[in-house]
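# Examination of the molecular architecture
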Amino acid sequence: MPSFKPFANATSTLRARLSPSLRTRGGGGDGPSRWLSSGHEDRPKGFAFNRTPTPAGESRKWEDWELPCYITSFLTVVILGVGLNAKPDLTIETWAHQKALERLELEAAQPVESD
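Residues numbered from 1 in each chain as written. Predicted model: local features only at pLDDT ≥ 70, side-chain atom pairs only at ≥ 80, totals over all residues. Heavy atoms only, no water.

## Thoughts on the overall build of the chain
Check the secondary structure of the chain and you find three helices and zero strands. When the elements of the chain are put in sequence order from the N terminus, they spell out α-α-α. A buried classification covers 3% of the 115 residues belonging to the chain. (Helix = DSSP H or I, 4+ residues; strand = E, 2+ residues; numbered from the N terminus. Buried < 20%, exposed > 50% of the residue type's maximum accessible area, 1.4 Å probe, protein only.)

Set out below in structure tokens:
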């Protein structure tokens, strides 16, 4: 089994070379980087998607992206559902079945010769 030590060395070297450039790109270079910092919250809030629940009787305000996303998703499902159900049956089994039926009809139409 190959050793993973070269990969670990390459990863640490790459991280060491990239982290100064990421720190200076984050904004200023003298403070902590916004890309590499651990965040501003000490602990998660414990709610789904880190949102506090709305007060009783109030509905949640939709984000700007939600309505177009839901409409597009619904239309995609409808178009795929109709399109996939309306497509022609082009399988080889269906073609072979139709050819076999045609041959049987031709054989039945030919007169039978008796000896």
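## What to know about a nonpolar patch on the surface
Taken together, the side chains of Trp62, Trp65, Leu67, Tyr70, Ile71, Phe74, Leu75, Val78, Ile79 and Val82 present a nonpolar region at the surface, about 1100 Å² in accessible area. Here isoleucine 79 is to be found in helix α2 (residues 66-86). (Patch = residues over 30% accessible without salt bridge, like charges linked within 9 Å, V, L, I, M, F, W, Y side chains within 5 Å. Areas by Shrake-Rupley, 256 points an atom, 1.4 Å probe, with all protein chains shown as cover. Salt bridge = Lys/Arg side-chain N within 4 Å of Asp/Glu carboxyl O.)

## Thoughts on the pattern of salt bridges
Under the defined criterion, the tally for this structure stands at two salt bridges. Between glutamate 66 and arginine 60 there is a salt bridge, with the nearest N and O atoms lying 3.0 Å from each other.

## Thoughts on helix α3 (residues 92-109)
Between its first and last C-alpha, α3 extends 26 Å over 18 residues, near the 26 Å set by a 1.5 Å rise per residue. With zero of its 18 residues buried, α3 lies for the most part at the surface. (Expected span 1.5 Å × (residues − 1).)

## Things to note about the side chain of glutamate 66
The topology assignment puts glutamate 66 in helix α2. Engagement of the side chain of glutamate 66 in a polar contact is seen with the side chain of arginine 60, the distance being 3.0 Å. Leaving out residues up to four positions away in the same chain, glutamate 66 has contacts with Arg60 and Lys61. (Polar contact = N/O pair within 3.5 Å; in protein donor to acceptor, adjacent residues only side chain to side chain. Contact = heavy atoms within 4.5 Å.)

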